[in-house]
Amino acid sequence: MIDAKKEIIDCWDKSSATYDSHYGHGIKSADEASAWKKALEDIVGTESLNILDIGTGTGFLAIILADMGHRVKGIDLSEGMMEKARTKADKSGLSIAFEIEDAEKLLSEPDEYYDIVINRHLLWTLLSPEKALREWNRVLKPGGRVVIIDGNWSNPSRGKKLRVNLGNLLIVVTEFRNPWKKKGSYSEELSEMLPMRKKENCGKAAKIVENCGFRNVRQYYLDEIDWTERKAMPLKRRLTTTYRRHVITGIKP
């Protein structure tokens, strides 16, 4: 049996050096920056709130939200990712606490403290999404909201797979590398342990949120952000980028 949490931490520590350089991770254009800010204003609002950014990574959401005037704390298992987040926050003159914490066991977080619990690109990498969501529910104030920004990363349709293979061939002839070999990817054993990587669970995230005690659960798409991301990409990247990013929100009764 592998040490799943250790493999997850090691993977993201190794990925931290180049994470923001990848399309879909770091912001690549002014249009994309504007799209993210507008989307977060629509989701979170403009009133200053206490926000917990879980799986903060290099601080993508935490930094935008703090710049909007919110009081933000970012947590992650990867110290390597949070070193990048602290550096970026310092350069922006923002005061954000970044601490090591497990999304599924928020040991240092009090009950009913936060107005918003938010994350981006996290749900797919959790060993127990239900356990995590119950913890997020616990630390939210009554009437507080969970915000999950994610997508279907691993199970494209047959047509999209053909596009990906065409894009990968372009990468082979222009970059002289094997794009099918993903650096920093999880082992097959770990991937099998992650429920949201399984095809049968990809469309069930909103139902899981509801089952974990949230009400008024909504799911909708961030097509404007996806469009601005793709606009900044070269053709080979657009071909290999198949996801459609969505938001799931729910309210703690």
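None of the values given here were measured: they were computed from a predicted structure.

*Asks:* Would you mind going over helix α4 (residues 79-92) in detail, with residue names and values included?
*Replies:* Taking 1.5 Å per residue as the helical rise, α4 with its 14 residues ought to reach 20 Å, and the 20 Å between its terminal C-alpha atoms agrees with that figure. Of the positions making up α4, those classed as buried are Gly80, Met81, Met82, Ala85 and Ala89. Elements that come into contact with the buried residues of α4 comprise α1 (4-15), α3 (60-67), β2 (71-76) and β3 (97-100).

*Asks:* Which residues make up the sheet that holds strand β5 (residues 140-151), and what values go with them?
*Replies:* Strand order in the open sheet formed by 7 strands is β3-β2-β1-β4-β5-β7-β6, and the pairing between neighbours is mixed. At either margin of the open sheet sits one strand with a lone partner, and together these are β3 and β6 (215-221). Going from strand to strand, the sheet's axes swing by 15 degrees on average, the running direction of each strand aside. Each of β1 (50-54), β2, β3, β4 (114-120) and β5 touches α3; the most contacted strand, β4, lies at about 140 degrees to it. Lying over the sheet, α4 contacts β2 and β3, oriented at roughly 175 degrees with respect to β3.

*Asks:* Outline the packing of aromatic side chains, supporting the account with residue identities and numerical values.
*Replies:* For any pair of aromatic rings, geometry is given as the distance between the ring centres together with the angle between the planes. Taken as a whole and assessed by the stated rule, the structure comprises 6 aromatic pairs. Ring geometry for tryptophan 12 against tryptophan 124: centres 6.3 Å apart, planes inclined by 70 degrees, an arrangement best described as edge-to-face. On the criterion of sequence distance, the pair formed by tryptophan 12 in helix α1 and tryptophan 124 in the loop between β4 and α5 (129-139) is long-range, its members being 112 residues apart. The partly exposed category is assigned to tryptophan 12, whose relative accessible area is 21%. Residue classification places tryptophan 124 among the buried positions, given a relative accessible area of 16%. Between the aromatic rings of tryptophan 36 and phenylalanine 60, the centroid separation amounts to 5.0 Å while the plane-to-plane angle is 75 degrees, which identifies the pairing as edge-to-face. Taken together, the positions of tryptophan 36 in helix α2 (residues 30-44) and phenylalanine 60 in helix α3 put the pair 24 residues apart, joining distant regions of the chain. Overall, phenylalanine 60 belongs to the buried group, its relative accessible area being 9%. Each member of the aromatic cluster is reached from another via a ring pair, and the members are Trp12, Tyr19, Trp124 and Tyr186. The ring of tyrosine 221 carries arginine 244 above its face, with NZ or CZ at 3.6 Å from the centroid.

Here is what the cut-offs are and how they apply
Residues numbered from 1 in each chain as written. Predicted model: local features only at pLDDT ≥ 70, side-chain atom pairs only at ≥ 80, totals over all residues. Heavy atoms only, no water. Helix = DSSP H or I, 4+ residues; strand = E, 2+ residues; numbered from the N terminus. Expected span 1.5 Å × (residues − 1). Buried < 20%, exposed > 50% of the residue type's maximum accessible area, 1.4 Å probe, protein only. Contact = heavy atoms within 4.5 Å. Pairing = 2+ DSSP bridges. Axes fitted to C-alpha atoms, helices over the stretch in contact; angles between N-to-C directions. Phe/Tyr/Trp six-rings, centres within 6.5 Å; stacked < 30°, edge-to-face > 60°. Lys NZ or Arg CZ within 6 Å of the ring centre and 35° of its normal.

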